[in-house]
Amino acid sequence: GSGAGRGGAAWRRLRGVLVELARLGRRALCEPAARLVSGHDVMRILEIEEGPRVGAILDEIGGMQAGGTLRTREQALDYLRSLRDGRRGDPPPRRPGTGPTR
């Protein structure tokens, strides 16, 4: 044969893979990532009571997570410790292998 049958089968398999990747990509965009830290973590480390400040800090950490600044729970906990210790502003340095390089 001319090989057209094999090529058609390969394209059908590839199409199936691409459809699945697109489905997974849509799902990833719709489902928020799990939080790196909880409100209890925030209250414990910062020694603050429950309230709007806890939510604001969780939102801030969530934004940093979404932007790729914080990728691991340990980085988020380090960030909370930096807030507690008055080192606000700079997120903790990236550990090797935890994010993109620039």
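Before going into details, it helps to say that this report is about the structure given with it. Not measured: the values here are computed from a predicted model.

## Notes on the pattern of salt bridges
Counted by the stated rule, this structure contains seven salt bridges. Here aspartate 78 and arginine 81 are joined by a salt bridge, their closest N and O atoms 2.8 Å apart. With aspartate 78 and arginine 81 both in helix H4 (residues 73-84), this residue pair falls three residues apart, about one helical turn. For aspartate 78, a relative accessible area of 17% translates into the label buried. Notably, a salt bridge pairs arginine 84 with aspartate 85, separated by 2.9 Å at the nearest N-O pair.

## Quick notes on the packing of helix H2 (residues 39-46) against helix H3 (residues 52-66)
The N-to-C vectors of H2 and H3 enclose an angle of 110°; their axes lie 9 Å apart at closest approach. Comparing their axes, H3 and H2 come out roughly perpendicular. In the packing of H2 onto H3, the handedness of the crossing is right-handed. Of the residues in H3, those in contact with Gly39, Val42, Met43 and Leu46 of H2 are Val54, Ile57 and Leu58.

## Considerations on the environment of aspartate 41
With respect to the helices, strands and loops of the structure, aspartate 41 is situated in helix H2. Taking relative accessible area as the criterion, aspartate 41 reaches 8% and is therefore assigned buried. Residues aspartate 41 and alanine 76 lie 35 residues apart in sequence; the distance between their C-alpha atoms is 9.9 Å. Not counting the four nearest positions on each side in its chain, aspartate 41 is found in contact with Arg73, Leu77 and Leu80. Within the structure, aspartate 41 has its side chain in polar contact with the backbone nitrogen of serine 38 (distance 2.8 Å). There is a polar contact of 3.2 Å between the side chain of aspartate 41 and the side chain of arginine 44.

## Re H3
Taking 1.5 Å as the rise per residue, H3 with 15 residues should run 21 Å; its terminal C-alpha atoms sit 21 Å apart, in good agreement. By the burial criterion, the buried members of H3 are Val54, Ile57, Leu58, Ile61, Met64 and Gln65. The buried side chains of H3 occupy one side of the element, clustering within an arc of 120° when seen end-on. Those residues of H3 that are exposed and aimed more than 90 degrees away from the buried face are Pro52, Asp59 and Ala66. Tucked inside the fold, the buried residues of H3 contact H2 and H4. Glycine 68 sits one or two positions beyond H3 and adopts a positive phi of about 90°.

Conventions adopted
Residues numbered from 1 in each chain as written. Predicted model: local features only at pLDDT ≥ 70, side-chain atom pairs only at ≥ 80, totals over all residues. Heavy atoms only, no water. Salt bridge = Lys/Arg side-chain N within 4 Å of Asp/Glu carboxyl O. Helix = DSSP H or I, 4+ residues; strand = E, 2+ residues; numbered from the N terminus. Buried < 20%, exposed > 50% of the residue type's maximum accessible area, 1.4 Å probe, protein only. Axes fitted to C-alpha atoms, helices over the stretch in contact; angles between N-to-C directions. Parallel < 35°, antiparallel > 145°, perpendicular 65-115°, else oblique. Left-handed = near helix turned anticlockwise from the far one by under 90°. Contact = heavy atoms within 4.5 Å. Polar contact = N/O pair within 3.5 Å; in protein donor to acceptor, adjacent residues only side chain to side chain. Expected span 1.5 Å × (residues − 1). Arc of directions from axis to C-beta.

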